[in-house]
Structure formats: C-alpha cells, structure tokens
Amino acid sequence: MEILAFGVQADEKPLIERAFRDHRAEHPVRCLDVFLTEDTAPIAAGHEIVSTSVNADLGAAVLEILAAGGTRMVAQRSTGFNNIDLKTAERLGLTIARVSSYSPYSVAEFAWALAMAVNRRVVRASNRTRDFDFRLDGLMGRDLHGRTAGVLGTGRIGEAFARIAHGFGMRLLGWDVAENAACVGLGMEYVSKERLLAESDLVTLHVPLMPETSRLIDAEALRTMKDDAILVNSSRGGLIDTAALVTELRAGRFTGVGLDVYEAEAGLFFLDRSLEAIADDVLARLVTFPNVLVTSHQAYYTQDAVGQIVETTVGNVLDYLAGRRSENVLVPRS
Ligand SMILES: NC(=O)c1ccc[n+]([C@@H]2O[C@H](COP(=O)([O-])OP(=O)(O)OC[C@H]3O[C@@H](n4cnc5c(N)ncnc54)[C@H](O)[C@@H]3O)[C@@H](O)[C@H]2O)c1
C-alpha cells in the first residue's frame, strides 16, 4: 500500500523515505511538495493513509474529499492540530494521529535565536557589514542578565526556553493553567497574565492555539507590556492580534518582535512568493519595521526534531495498521 505524504520539504524527503523504507518496505511512501488543500486533496484518491504537514488544510471540506476518495487515516507531522476539524474526522470515520512530542529544544532554541537577533540587531548588523558599513549606530541592545523573562505556557517548550533563560541569569515569570515543577525549581514565579506582561522584558509564547488562547495577545495585552519589551512567538500565529501589534509598532513601541508564526501564514509560509504582489497588508507592513524579524515557521526545523517527527509518523502509521492506540491518536480507528 502506498502512503501519500503532502507538503514535504526537500530536506525532509530523504528522512521520510528512509524511515518508511527501514520500517516497512511493503508500504512505500510517495512524497509531494504540494500542501494539502481543497485543490490538492483529490490527488489522495485511492490512498488509505495520507500524511500531512503543519499548514495542511484539514477542515471539513478537505476531510470530506479525502474520505470520499477512500482515505481512512491521516498522520499529521506536527504537534499542533489546530488545523484539523476533529469532529468532522470522527463523523467521517477518519483516524487522525499527530506527533505529540519531539525535541522541545528545536523550538525553544529557535525562540532564543529570534530573541537574541532582535535584541542585538544581528540582522541589521549583518546587512551593514555586507555593505562594508561598520558603524555601530542603531545596533545597541540590552543585557538580558538580571532582566525578566515571561513564559506564557510552561509545557515542554516553555520549560526548555526557561532553562536557557535561567542560564542567562534572568528572573523567570510563568503563566499556565498548570504549574511545571521543573520551572518552579528554576525559580519561576507563576503570576497572572497581566502581571507577567507588565513586568517582563522578554515575553515568549508557548501555549497551544485553542479557543481559550486565541488572540491571547490582543490590543489590551500589548498595551500592558513594557514599551521596550521583546515579544517572541514561536507557537501559533493566532495567539497574537497581528493588526493590533502593527498599531503598537507604528507607535514606536517594543525593542524587538520575533515571529516564527503568523495568523494568516497558510498559503504563504513554506512557499516562494517572492515574484508575486503580496495581498496581505498586515504582513507586508510587519516586515518593514526595523525591530521586527519574521521567519516562516522554521523553529522545529532541525535534523533532530524532523528525524523524531518522521520516526513517530511511521510509528503512527504502523499503529493504525495494527489497530493499536497511542497518545498520538486524536481520533481513534472506528
Ligand atoms: N514554531 C514551531 O515550529 C512549533 C513547533 C512545535 C510546537 N509549536 C507550538 O508550541 C506549542 C507548545 O508546544 P509544547 O510541546 O510545549 O506543548 P505542551 O503541551 O508541552 O505545553 C503547552 C502548555 O500550555 C499550557 N496550556 C494549555 N492551554 C492553556 C490555557 N488555556 N491557558 C494557559 N496555559 C495553557 C499547558 O498546560 C502546557 O503547559 C504547540 O502547541 C505548538 O502550537 C510550534
């Protein structure tokens, strides 16, 4: 049986092919670089098992097309599953599995890369030296040692971020529905969201996107933050009201903003749109600010994390075929 994988990056393809080959030669995988959308879903016809990437559209319409084409299982290659209509999947009898955990260091270390880059103006400095402009004007940053890091969401990635912050000698504030004992062990104080935003020099987001956390950082939350704070989002774009963020940036607020995710990233991120007119005015404005750094959902993209994602995805497929349940299953086999 051929397994069809959508949205496979060039670096990822050999890892996926090797993992499926190593585990189960009789189930070859075919890798497509196109993402799963309503337009591409018909390609899956005749494939019982389909694997999808983080930006796949797994809304009701696409799930209907998949089910009508004979698909029975979707193996999502990410932790977040806010892109999947689980109720519809259940109604259609589609098994859905995800990768419930992989290297949290990949994302936490990248969140730090963004924080450091915007604080120390690394991109601006690099652009200048390429032009043999060696002035320091406009490149002044701030020591993070002794300053306050506010971690919204202290699960696996938030904890890994906090450990690095602790290494920098930062004071730690946390906000979560549940306290993480390891974070408390690092000296983290759990406080209200409002207090965390008001007192933190660096605010980083690591909660999942769900109805309760949608636009967690809205206009009011942004106003609560320090004028010279650094904001990093490596979780999901929908956690921030981006138009409100642009309003604050226009007013000259924030030392730096590092965004690896954007609420309207689907259809843009992972694709080359460099020759097209960008219709998204919010994103177009966002990238013009000298203190903003936008990357295209690459925080997870390390050899280690992608290797683990691929291995787990193969495991999810084998579990489905064997009728086994695991913590990765979001909608079990009916
Ligand atoms: N940019 C990337 O490449 C990338 C890669 C992987 C994960 N992510 C994002 O990072 C998020 C966090 O991943 P993780 O592995 O640390 O997950 P996790 O489940 O270990 O941690 C999430 C934390 O959020 C908390 N939380 C959940 N709902 C909450 C709420 N309503 N209010 C307050 N806290 C709440 C949980 O208690 C938990 O501590 C994922 O959901 C995903 O969206 C991004």
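A short tour of the structure in this document, coming up. (Residues numbered from 1 in each chain as written. Predicted model: local features only at pLDDT ≥ 70, side-chain atom pairs only at ≥ 80, totals over all residues. Heavy atoms only, no water.)

### Side note on the environment of P28
- Its location among the elements puts P28 in the loop between α1 (13–23) and β2 (29–31).
- Each C-alpha atom of the pair P28 and R120 lies 47 Å from the other, and the pair is 92 residues apart in sequence.
- When residues no more than four places from it in sequence are discounted, the contact partners of P28 are M1, E2 and I3. (Helix = DSSP H or I, 4+ residues; strand = E, 2+ residues; numbered from the N terminus. Contact = heavy atoms within 4.5 Å.)

### Description of the sheet that holds strand β4 (residues 73–76)
- Within the open sheet, the 6 strands sit side by side as β2-β1-β3-β4-β5-β13. Their pairing is mixed. Sheet topology places β2 and β13 (329–331) at the edges, where each strand pairs with a single neighbour. Between one strand axis and the next, the sheet turns by 20° as a mean value, whatever way the strands run.
- Bridge count between strand β1 (residues 3–5) and β2: 3 bridges; the pairing is parallel. Paired with A5 across the bridge in β2 is C31. (Pairing = 2+ DSSP bridges. Axes fitted to C-alpha atoms, helices over the stretch in contact; angles between N-to-C directions.)

### Structural notes on the site of the ligand
- Around the ligand there are 22 residues in total, and Y102, R156, I157, D176 and S234 lie nearest to it.
- Within the backbone of G155, one N or O atom sits 3.3 Å away from an oxygen atom of the ligand.
- In this structure, an oxygen atom belonging to the ligand sits 3.3 Å away from a side-chain N or O atom of S235.
- Calculation on the ligand without its partners gives an accessible area of 860 Å², and the protein chains cover 85% of this total.
- The class makeup of the residues in the shell around the ligand is 10 nonpolar, 7 polar and 5 charged. (Near = heavy atom within 4 Å. Polar contact = N/O pair within 3.5 Å; in protein donor to acceptor, adjacent residues only side chain to side chain. Areas by Shrake-Rupley, 256 points an atom, 1.4 Å probe, with all protein chains shown as cover. Nonpolar A, V, L, I, M, F, W, Y, C, P; charged D, E, K, R; others polar.)

### Quick word on the sheet that holds strand β12 (residues 292–294)
- A sheet is described by the order of its strands in space; here 7 strands give the open sequence β8-β7-β6-β9-β10-β11-β12, paired in parallel fashion. Bordering the open sheet on either side are β8 (189–190) and β12, each of which pairs with just one other strand.
- Taken together, the 4 bridges between strand β6 (residues 148–152) and strand β9 (residues 202–205) define a ladder with parallel strand orientation. Its bridge partner lying in β9, V151 is registered against T204.

### What to know about the pattern of salt bridges
- Inspection of every chain in the model, using the stated rule, returns 17 salt bridges.
- A salt bridge links D227 to R253; its shortest N-O distance comes to 2.6 Å. One end of the pair, D227, is in the loop between α9 (219–224) and β10 (230–233); the other, R253, is in the loop between α10 (242–250) and β11 (256–259), with 26 residues separating them in the sequence.
- Using a relative accessible area of 53% as the deciding quantity, one classes D227 as exposed.
- R253 gets classed as buried once you look at its relative accessible area, which sits at 9%.
- It is possible to trace a salt-bridge network through shared partners that takes in R171, E189, R195 and E199. (Salt bridge = Lys/Arg side-chain N within 4 Å of Asp/Glu carboxyl O. Buried < 20%, exposed > 50% of the residue type's maximum accessible area, 1.4 Å probe, protein only.)

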